[in-house]
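Here is what each chain is made of, one letter per residue.
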Amino acid sequence: MLSSTEYEESGVDSPPQDRTSTPTRVDESDSDDLDGEPDTSSNIEVTMDYDIDFPPPKPGPEWTRFICISDTHGARFGVPPGDVLLHTGDLTRKGTVSELRSTMDWLASLRHPFKIVIAGNHDRALDPNKRAKPSRDLDHAAALNLMTSPQARASNIHYLNCESFQIPSIDGRKSWNLYGSPWTPWYRGMSFNYKEDMAQGKTISPYMLESLTTYLLMPISMTHGPPRGVLDLTRKEGVHAGCPTLLNRITELKPRLHVFGHIHESRGSRVQRWENIDKLPEPAADRPSQSTSTVFVNAANSPVASTFGPEANGIYGQRIPIGGPGWHPIIVDML
């Protein structure tokens, strides 16, 4: 069973998550650790490791199965069936329109009723601000048309850029509201990057999960990158590369599920029970009084190539896993 990863106030990094074939169920009314037998009253179940040809059945017909992928970088691989496919960015490696077209063809071939997609820092052609070097294969209008065309919609693909989307109720399952944003902290001036001074001012406001009032209706958030301190540990520097502004926003809004990628080597899942909110680094000053839980999923698929062997040492001497099993979607069942 996956262990619940809690970061201490001291900032000492936690050990890597256990990866087993047993799903983790999360009871949002229960503040106990996830170790032990699954709770049959829970309403979120996360499955990381499973036979791709024989995925576990849904807990029940009224549950919604989300298949989470990220950082596919143009690769094609086996994806289990589900009700909703969530792709949290880095559809390409070099950000070209031809790469994007190939990925869209692959996504179109998948049979999920809803496919919700955002961009990532590698997806240059989708960033309207990245046109300094004109190129036919980096044409923003062509890239955007690929994502939003009638053909994309006919293939059940819905592209979000700081936008929300509602998945309607089907076959007795509840409807779900999602919000998706591609923006990540500045790194080499790549696509959809912002600097800290932007994050603290009005410039970033459209990118950081809209307004509080609107987002309270959004139980699922998709961002390309993680919040600071949540599944964001890098292998080279051994530092947390997530966004502190996003952490503060998530702390305020408390979505039930937050899916992201970007930091490949921190692929995994963790639960934050907001009763223990003081254990998150850099918490927001003002917090709603309600007690809830958020399931965080880093769904990065692409394994990280490393010259350091299968693991690397972090800043505190702990071992950091490099990548995951590779090309293996994470399953999240929600009720």
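Up top is the structure.
Sequence order sets the numbering: in each chain, residues are counted from 1 along the sequence as written. Where totals are concerned, whole chains, interfaces and linings use all residues; where local detail is concerned, this predicted model gives features only for residues with pLDDT of at least 70, and gives and counts side-chain atom pairs only at 80 or more. Hydrogen atoms and water are omitted, and side-chain values are computed over all heavy atoms in the structure.

**Q** Just checking my understanding: could you explain the pattern of salt bridges for this structure?
**A** When the charged atoms of two side chains with opposite charge come close together, those side chains can pair. The working definition used for a salt bridge is a side-chain nitrogen of Lys or Arg within 4 Å of a carboxyl oxygen of Asp or Glu. Under the definition given, this model contains four salt bridges. In this structure, aspartate 333 engages arginine 65 in a salt bridge whose closest nitrogen and oxygen atoms are separated by 2.7 Å. One end of the pair, aspartate 333, is in strand E17 (residues 330–334); the other, arginine 65, is in strand E3 (residues 64–69), with 268 residues separating them in the sequence. For the pair formed by aspartate 333 and arginine 65, the shared burial category is buried. Arginine 173 is the salt-bridge partner of aspartate 83, the closest N and O atoms lying 3.4 Å from each other. Linking aspartate 83 in the loop between E3 and strand E4 (84–88) with arginine 173 in the loop between strand E7 (163–167) and strand E8 (176–181), this pair joins segments that are 90 residues apart in sequence. Buried means the residue's accessible area, taken with a 1.4 Å probe over protein chains only, is under 20% of the maximum for its type, while exposed means over 50%, and partly exposed covers the values in between. Classification of aspartate 83 by relative accessible area gives buried; the value is 11%. A run of H or I in DSSP counts as a helix once it spans at least four residues, and a run of E counts as a strand once it spans at least two, with each numbered from the N terminus.

**Q** Got a minute to help me understand the nonpolar core in this structure?
**A** Note that soluble globular proteins tend to have their nonpolar side chains buried in a common cluster. Counting 40 residues, the largest nonpolar core has Leu107, Leu126 and Met147 as its most contacted members. Where this core is concerned, the elements lending two or more residues are E3, helix H1 (97–109), helix H2 (140–148), strand E6 (157–159) and helix H6 (244–253). Only heavy atoms matter for contacts: two residues are in contact if any of them lie within 4.5 Å across the pair. In this view, methionine 147 contacts Leu91, Leu100, Met104, Val117, Leu126, Ala152 and Tyr159; residues no more than four positions away in its chain are not counted. We call a set of buried Ala, Val, Leu, Ile, Met, Phe, Trp, Tyr and Cys residues a nonpolar core when their side-chain atoms join them within 4.5 Å. Met48, Val84, Phe114 and Trp176 belong to the second-largest nonpolar core, a separate cluster that totals 26 residues.

**Q** Please clarify how the pairing of E17 should be interpreted in this entry.
**A** On a regular strand, each side chain points to the face opposite its neighbour's, so the side chains alternate between the two faces of the sheet. In terms of residue burial, E17 counts as a mostly covered element, since five of its five residues are buried. Here E17 shows a buried face lined by Ile330, Val332 and Met334 and a second buried face lined by Ile331 and Asp333. With four bridges connecting them, strand E2 (residues 44–47) and E17 associate as antiparallel partners. Within E17, the residue paired with valine 46 across the bridge is valine 332. In this analysis, strands are considered paired if DSSP registers two or more bridges between them.

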